[in-house]
Amino acid sequence: MSIASKYDPSQTEAKWYAYWMEHKLFSSKVDPSKEPYTIVIPPPNVTGVLHMGHMLNNTIQDVLIRRARMQGKNACWVPGTDHASIATETKVVQLLKEKGIDKKDISREEFLTHAWEWKEKYGGIILEQLKKLGASCDWDRTAFTMDAGLSDAVITVFVDLYRKGKIYRGIRMVNWDPKGQTALSDDEVITKEIASKLYYIKYQIEGETDQYLTIATTRPETIMADVAICINPNDPRFTHLKGKKAIIPLINRAIPIIEDEYVDMEFGTGCLKVTPAHDINDYELGLKHKLEVIDILNDNGTLNEKAEILVGEDRFIARKKIGKLIDEIGQLEKIEDYKSNVGHSERTDAVIEPKLSLQWFLKMDEITKPAFSSVMEDIIQLHPPKFKNMYRAWMENVRDWCISRQLWWGHQIPAFHLPNGEFVVAKTAEEALEMARKEYDSSYTMEDLKQDEDVLDTWFSSWLWPISVFDTEVFSTGKPNEELKYYYPTNDLVTAPEILFFWVARMIIAGYEYMGEKPFKNVYLTGIVRDKQGRKMSKSLGNSPDPLELIAQYGADGVRTGMLFSSPAGNDLPFDEKLVEQGRNFANKIWNAFRLVKGWEIDPKLEGSENKASIAWFENRFQEALEEINDHFEKFRISDALMSTYKLVWDDFCSWYLEMIKPAYQQPIDQATYDRTIVFFEDILKLLHPFMPFLSEEIWHQIKERSVEESLILSTWPDQHSFDKKITEEANQVFEVVSQVRNLRASKGMSPKEALDLSINAKSPELYNRFAAVLRKLANLSSLNFSEKVDNAMSFVVKSDECFIPMGDSINIEEEKANLQKEIEYTKGFLTSVMKKLSNERFVAGAPAQVVENEKKKQADAEAKIKALEESLAKLG
RNA sequence: GGAAGUUUAGCUCAGUUGGUUCAGAGCAUCUGCCUUACAAGCAGAGGGUCGGGGGUUCGAAUCCCUCAACUUCCA
């Protein structure tokens with residue numbers, strides 16, 4: 001029998017994923033006899049392909065879900081995608097363009113047909129990629145935010161909130177692209193630093209000839225939309241202006257001079273022109289001071305008749321012309337060069353025009369209250385908790401949520417506009433017609449109804465996700481079905497801090513609004529995956545490795561562990577391929593440990609008594625590590641859980657335990673030791689499974705033939721029971737002796753093959769006798785005995801036991817003496833610091849008893865060690 | 001402009017209520033080894049004024065003040 005010395009993941013990963021799928025081992029069914037453990041996936045964008053952020057996020061979810069499954073819970077991980085209005089629509093528009101089709105030339109229905117076609121073709125790619133990672137989602141539950149049921153839920157919720165008076169229409173400033181004639185989200189706007197000019201324009205004070213104030217603006221073409229001049233009330237330069245009016249040049253309209261501390265006295269002239277229709281800050285200021293709004297721009301960026309002059313001119317041409325006109329009337333003070341940040345359309349590169357438009361809003365003041373307190377009171381816990389601050393800041397200053405988008409791909413708003421200018425909100429057109437007839441005009445027909453053109457924000461559907469993936473009807477019935485009752489609230493949510501408000505907070509809001517209950521207990525916030533230079537990994541930068549290629553190269557297990565080695569909750573993950581390499585090496589290490597054990601032959605005649613101490617030690621060590629690992633998991637310290645597992649496997653199991661019990665070359669092992677070792681190996685595979693599902697399942701089945709039900713994925717997490725700390729401490733003392741002997745050999749340039757004699761002046765030889773076989777094997781000793789004094793020996797002290805290695809004539813006495821002297825001095829220094837504390841009355845009186853006790857123990861240990869060292873020194877003569 | 005966070009070994013990070021986990025881990029580095037499971041490995045070693053300064057305390061990486069640098073969110 002020969003097993004390859006290098007583990008080849010490609011052989012096993014496809015096999016086991018298919019096996020798990022075939023036998024439906026990821027599947028979860030309602031089962032009241034079992035405790036549910038539920039995670040809903042943060043639905044990736046249908047247009048998406050797997051990137052490193054998904055890899056990290058989904059690895060963590062899979063680790064959590066696999067461990068929960070092994071803990072005997074009914075583990076349910078619901079996968080799915082969201083329709084991502086903006087991103088998908090952009091993609092489809094582009095695709096159509098390549099085919100020579102312009103969105104403006106086709107109808108909404110035609111466009112949606114294309115979009116759906118596209119979705120059917122490419123929408124599932126990312127989910128298929130997740131399978132390569134090993135994600136154990138219940139794929140039969142795969143949901144999409146635009147599935148019929150989920151869509152229905154969204155519409156129901158809109159109507160419901162509208163009828164509750166929580167949804168209203170209002171004016172809002174949007175990013176308008178005059179070239180593309182569409183509103184853009186902030187994400188689609190690219191801010192560029194542009195060299196522009198600052199125009200200093202003089203406005204005459206009303207009723208006072210030759211009295212002027214000067215404003216500075218980069219947009220002189222908007223002066224016709226001015227409705228006020230604002231000064232800082234604390235500005236001594238302008239006290240004389242208070243309560244007066246200024247006259248807009250060229251059109252000679254008088255506007256009030258108002259006061260607000262918002263105005264920066266340092267910037268410009270200290271006088272601010274207020275143009276609510278064309279600047280977001282001015283709009284806010286306008287609201288505050290109840291100012292009129294004058295919009296002088298058409299949708300295509302030309303001036304309209306409200307401008308009074310230059311009507312029909314493009315905004316940029318108007319800018320130049322206004323500058324000139326003002327100069328001609330002598331009211332242009334100067335023009336300065338100025339650098340300003342200007343938003344541009346990602347798609348058309350047109351300069352974005354802030355534009356007021358009628359949008360739909362959700363009132364946030366009342367509806368957010370339970371969501372706010374549940375996080376503040378830790379009913380929902382954020383991990384790490386530092387995000388509570390951010391959450392609070394947002395919730396305390398929450399603004400109404402603009403839920404409409406000027407797009408076609410998504411859930412069309414169920415508002416129907418009527419010829420009389422009114423509208424009705426209803427789930428269906430039929431219902432709407434009925435309402436319209438009843439409320440306004442009984443002669444209305446279907447043709448009179450015009451459904452709102454806009455769709456809802458994608459978050460307005462994904463905020464229902466933890467509910468709607470289980471039950472799409474509860475929003476209208478108010479009665480949760482069996483699924484929802486069983487799985488809701490879900491347990492853990494794993495997502496990025498960037499969408500804490502966009503998504504997480506809103507899910508909590510919807511959870512309380514529609515279920516009266518939180519949607520999840522824990523929110524684990526991952527960091528951003530960055531490259532070595534600290535830049536966010538992104539497609540456009542091209543600095544992200546292809547995840548599937550990484551998997552092909554290092555194996556999914558290697559990639560999973562690699563990602564987790566360095567990703568504490570909430571911290572960014574500085575990705576380095578070295579980490580993935582480490583993961584792969586770890587897999588290989590485990591594989592080779594298995595090769596070793598698998599290769600042993602058993603001799604039933606052997607007793608194996610020399611291995612008893614090693615077995616007892618590992619048993620205890622395993623329990624010690626298990627306690628630590630479980631603790632890390634409870635605290636969502638996934639990286640630490642992995643690191644503890646890594647060290648248990650590599651250091652304790654491979655480097656110590658296997659070496660301790662390993663028979664000499666081609667020698668057999670006894671039955672009892674073999675059996676125990678297999679049990680240890682199996683326990684270790686269990687701990688490894690959440691991190692490295694493929695490798696662990698492979699070895700699990702190679703250990704022996706097992707049925708589907710006996711698969712590792714379904715096995716039970718090791719039980720935690722008490723352990724004897726004394727045993728692990730004693731073993732550490734023995735290991736210390738081994739290390740010291742090895743160290744000594746290395747420092748003297750001796751070959752490891754050179755066997756040495758070891759004598760120990762031990763207070764209790766029992767310990768060393770118990771581990772005698774181990775000492776001989778690992779330290780390569782030709783003999784082990786106990787004596788008080790050995791001539792011509794090198795020595796070292798472990799605890800307070802002197803250890804001697806006789807060197808005959810080759811020993812350098814002076815060097816040995818110097819070494820001992822150095823150690824004595826160090827220990828004495830340490831003792832002094834301890835004594836200083838103990839002789840300090842305030843310390844003894846003030847410190848807790850335990851601390852004082854510890855110091856006394858330190859004192860005793862140090863004294864014993866000094867004594868042993870001094871004896872060794874004396875023996876050297 | 002407003003708010004929060006971070007700063008500990010070359011890198012990435014632990015370090016809970018001030019006191020044995022107190023200066024740690026992994027990786028990287030250096031030295032010696034192809035020792036029959038593994039060179040994707042084994043054995044050993046070195047490396048830090050805990051961002052600077054000040055304070056509180058018997059005692060500070062840990063608490064307070066201050067300065068500096070970086071990051072993120074909101075505007």
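Bear in mind that the values here come from a model prediction, so they are computed numbers and not experimental data. Note on numbering: residues in each chain are counted from 1, in written sequence order. Going through the entries in the order they are written, you letter the chains from A and number the ligands from 1. Totals for whole chains, interfaces and linings use all residues, but because this is a predicted model, local features are given only for residues with pLDDT of at least 70 and pairs of side-chain atoms are given and counted only at 80 or more. For the side-chain quantities, the full set of heavy atoms in the structure was used; hydrogens and water were omitted.

(A) Fine view of the confidence of the model for chain A. With 97% of its residues at a pLDDT of 70 or more, chain A has an overall mean of 89. Scoring of the predicted complex yields 0.89 for pTM and 0.94 for ipTM. Each residue carries a pLDDT score, the predictor's own confidence in it, on a scale running from 0 to 100.

(B) Focus on the side chain of N57. Helix numbering and strand numbering both begin at the N terminus, where a helix is a DSSP run of H or I of at least 4 residues and a strand a DSSP run of E of at least 2. With respect to the helices, strands and loops of the structure, N57 is situated in helix 2 (residues 52–70). Relative accessibility thresholds used throughout: buried, under 20% of the residue-type maximum; exposed, over 50%; partly exposed, between the two (1.4 Å probe, protein chains only). Accessibility expressed as a relative area gives 10% for N57, which makes it buried.

(C) Looking closely at empty space enclosed by the protein. Cavity and pocket criteria rest on a 1 Å grid covering protein atoms alone: a 1.4 Å probe that fits but cannot get out defines a cavity, protein on both sides within 12 Å along at least 5 of 7 lines defines an open pocket, and an atom within 4 Å of a point defines a lining residue. Grid points are joined across faces, edges and corners, and a volume is the space filled by probe spheres set on the points. If you walk through the whole model with that rule in mind, you get one cavity of 30 Å³ or more. Space inside the largest cavity adds up to approximately 50 Å³. For the largest cavity, the full set of lining residues is W176, P178, H278, L297, N298, D299, G301, E353, P354 and K355. At three residues, strand 14 (residues 353–362) tops the list of elements feeding residues into the lining of the largest cavity.

(D) Fine view of the domain arrangement of chain A. If you check the domain split of chain A, you get domain 1 (31–166 + 377–401 + 458–526), domain 2 (182–353), domain 3 (551–723) and domain 4 (753–875). Residue ranges assigned to the domains are those given by an automatic or database domain assignment. Between the C-alpha centres of domain 2 and domain 4 the distance comes to 83 Å.

(E) Representation of the packing of aromatic side chains in the model. Note on aromatic pairs: the rings of Phe, Tyr and Trp (six-membered ring only in Trp) are paired at centre separations within 6.5 Å, and the planes decide the class, stacked below 30 degrees, edge-to-face beyond 60, tilted for the rest. On inspection of all chains with the given rule, the structure shows 44 aromatic pairs. Their ring planes at 10° and their centres at 6.2 Å tell us that F586 and W650 sit as a pair that is stacked. You can see F586 sitting in helix 19 (residues 577–599) and its partner W650 sitting in helix 21 (residues 638–661), a full 64 residues away along the chain. Taking relative accessible area as the criterion, W650 reaches 24% and is therefore assigned partly exposed. Ring geometry for W591 versus F594: centroids 6.2 Å apart, planes at 45°, classification tilted. Linking W591 with F594, this pair stays in helix 19, spanning three residues, or about one helical turn. With a relative accessible area of 3%, F594 lands in the buried category.

(F) Structural detail: helix 7 (residues 280–288). When we look at burial in helix 7, the residues that qualify are D282, Y283, L285 and G286. On an axial view of helix 7, the arc spanned by its buried residues comes to 165°, and they lie on one face. More than 90 degrees from the buried face of helix 7, the exposed residues found are L287 and K288. At its buried positions, helix 7 is contacted by strand 5 (167–177), strand 9 (228–231), strand 12 (271–274) and strand 14. A distance of 3.0 Å separates the backbone nitrogen of D282 from a side-chain oxygen at the start of helix 7, and that oxygen is part of D279. K290 occupies a position one or two residues after helix 7 and carries a positive phi of about 50°. This arc corresponds to the set of directions leading from the helix axis out to the C-beta atoms. For this analysis, residues touch if any pair of their heavy atoms sits within 4.5 Å. For the purposes of these results, a polar contact is taken to be a pair of N or O atoms within 3.5 Å, where, inside protein, one atom must be able to donate a hydrogen and its partner to accept one; residues adjacent in sequence count only when each atom of the pair is a side-chain atom.

(G) Fine view of the nonpolar core. We call a set of buried Ala, Val, Leu, Ile, Met, Phe, Trp, Tyr and Cys residues a nonpolar core when their side-chain atoms join them within 4.5 Å. Ranked by size, the top nonpolar core spans 186 residues in total, and within it Y391, F460 and W463 carry the most contacts. With 13 residues, helix 21 is the single largest residue contributor to this core. Filtering out sequence-adjacent residues up to four positions away, Y391 remains in contact with A371, F372, V375, M376, L382, L500, F501, A505 and I508. Counting 37 residues, the second largest nonpolar core, distinct from the first, contains Y199, I223, V274 and L332.

(H) Structural detail: the layout of surface pockets. Empty space within the second largest pocket amounts to approximately 870 Å³. Lining the second largest pocket are 30 residues, and of these K103, K104, G180, Q181 and T182 sit closest to its centre. Of all the secondary-structure elements, those providing two or more residues to the lining of the second largest pocket are helix 3 (85–98), strand 5, strand 6 (182–184) and strand 14. Throughout, the ten residues Ala, Val, Leu, Ile, Met, Phe, Trp, Tyr, Cys and Pro are labelled nonpolar, Asp, Glu, Lys and Arg are labelled charged, and all others, Gly among them, are labelled polar. Within the lining of the second largest pocket, the residues separate by chemical class into nine nonpolar, nine polar and twelve charged.

(I) Structural view of the packing of helix 18 (residues 556–565) against helix 19. A fitted line through C-alpha atoms serves as each axis, taken over the contacting stretch for helices, and the angle formed by two N-to-C directions is quoted from 0 to 180°. Remark: helix 18 packs on helix 19, axes separated minimally by 7 Å, with the N-to-C direction vectors making an angle of 125°. With respect to their mutual orientation, helix 18 and helix 19 come out oblique. Relative to helix 19, helix 18 is oriented so that their crossing is right-handed. For the pair helix 18 and helix 19, contact is made by G558, V559, T561, G562 and F565 and by L579, V580, Q582, G583 and R584, respectively. Considering only residue class, the contact of helix 18 with helix 19 consists of four nonpolar, five polar and one charged. In what follows, roughly perpendicular refers to angles from 65 to 115 degrees, roughly parallel to angles under 35, roughly antiparallel to angles over 145, and oblique to any angle outside these ranges. Here a crossing is taken to be left-handed if its near helix is turned anticlockwise relative to the far helix by less than a right angle, and right-handed if that turn runs clockwise.

(J) Molecular detail of the protein's contact with RNA strand B. Only heavy atoms are used to decide nearness, and a residue is near a molecule or strand if one of them lies within 4 Å of it. Taken together, 41 residues lie around RNA strand B, and S566, K589, Y665, R842 and F843 are the ones closest in. With respect to RNA strand B, the side chain of N588 contributes an N or O atom lying 2.8 Å from a sugar or linking oxygen. S739 has a polar side-chain atom sitting 3.3 Å from a phosphate oxygen of RNA strand B. Listed by contribution, the elements that provide at least two residues to the surface near RNA strand B are helix 19, helix 21, helix 24 (725–747), helix 28 (841–846) and helix 29 (849–875).

(K) Representation of the packing of helix 9 (residues 369–376) against helix 16 (residues 500–515). Direction vectors running N to C along helix 9 and helix 16 enclose 115°, while the axes themselves pass 8 Å from each other. It follows that helix 9 is roughly perpendicular to helix 16 by the angle criterion. In the crossing of helix 9 with helix 16, the sense of the turn from one axis to the other is right-handed. Taking contact as the criterion, the partners of P370, A371, S374 and V375 in helix 9 are, on helix 16, A505, I508, I509 and Y512. Residues that form the contact of helix 9 with helix 16 fall into these classes: seven nonpolar, one polar and no charged.

(L) Representation of unusual backbone geometry within the structure. Omega for the peptide link from H383 to P384 comes to -5°, which places this bond in the cis form. Its location among the elements puts P384 in the loop between strand 15 (381–383) and helix 10 (387–396). For the peptide bond that leads from Y488 to P489, omega is -5°, which places it in the cis range. With respect to the helices, strands and loops of the structure, P489 is situated in the loop between helix 15 (482–487) and strand 22 (490–495). Notably, A84 is not glycine yet its phi reads approximately 40°, a positive angle. With respect to the secondary-structure elements, A84 resides in the loop between strand 3 (80–81) and helix 3. With relative accessibility at 11%, the residue A84 sits in the buried group. Located in the positive-phi region is N780, a residue other than glycine, with phi close to 50°.

(M) Representation of the sheet that holds strand 20 (residues 450–451) in the model. The strand order 19-18-20 describes an open sheet built from three strands, whose pairing is antiparallel. The open sheet terminates on both sides in strands that have one partner only, identified here as strand 19 (423–425) and strand 20. When DSSP locates at least two bridges between a pair of strands, those strands are taken to pair. For strand 18 (residues 415–417) and strand 19, the ladder comprises three bridges, and the chain directions are antiparallel. Pairing of A415 across the sheet is with V425, part of strand 19. The sheet contacts of helix 11 (residues 429–439) involve strand 18 and strand 19, and relative to strand 19 the element is tilted by about 130°.

(N) Local environment of the sheet that holds strand 27 (residues 781–786). The strand order 27-26-29-28 describes an open sheet built from four strands, whose pairing is mixed. The open sheet terminates on both sides in strands that have one partner only, identified here as strand 27 and strand 28 (793–798). Across the sheet, the mean angle separating the axes of adjacent strands is 20° when strand polarity is ignored. Both strand 26 (residues 756–761) and strand 27 contribute to a ladder of five bridges, which runs parallel. Its bridge partner being in strand 27, S759 is matched across the sheet by N785. Contacts from helix 24 reach strand 26, strand 27, strand 28 and strand 29 (801–806) within the one sheet, and its direction differs from that of strand 28 by about 145°.

(O) Main features of the environment of C271. Assignment of secondary structure puts C271 in strand 12. The spacing of C271 and I126 is 145 residues in sequence and 54 Å in space, taken between C-alpha atoms. Dropping the residues within four chain positions of it, C271 is found in contact with L213, T214, I215, A216, I229, C230, I231 and F238.

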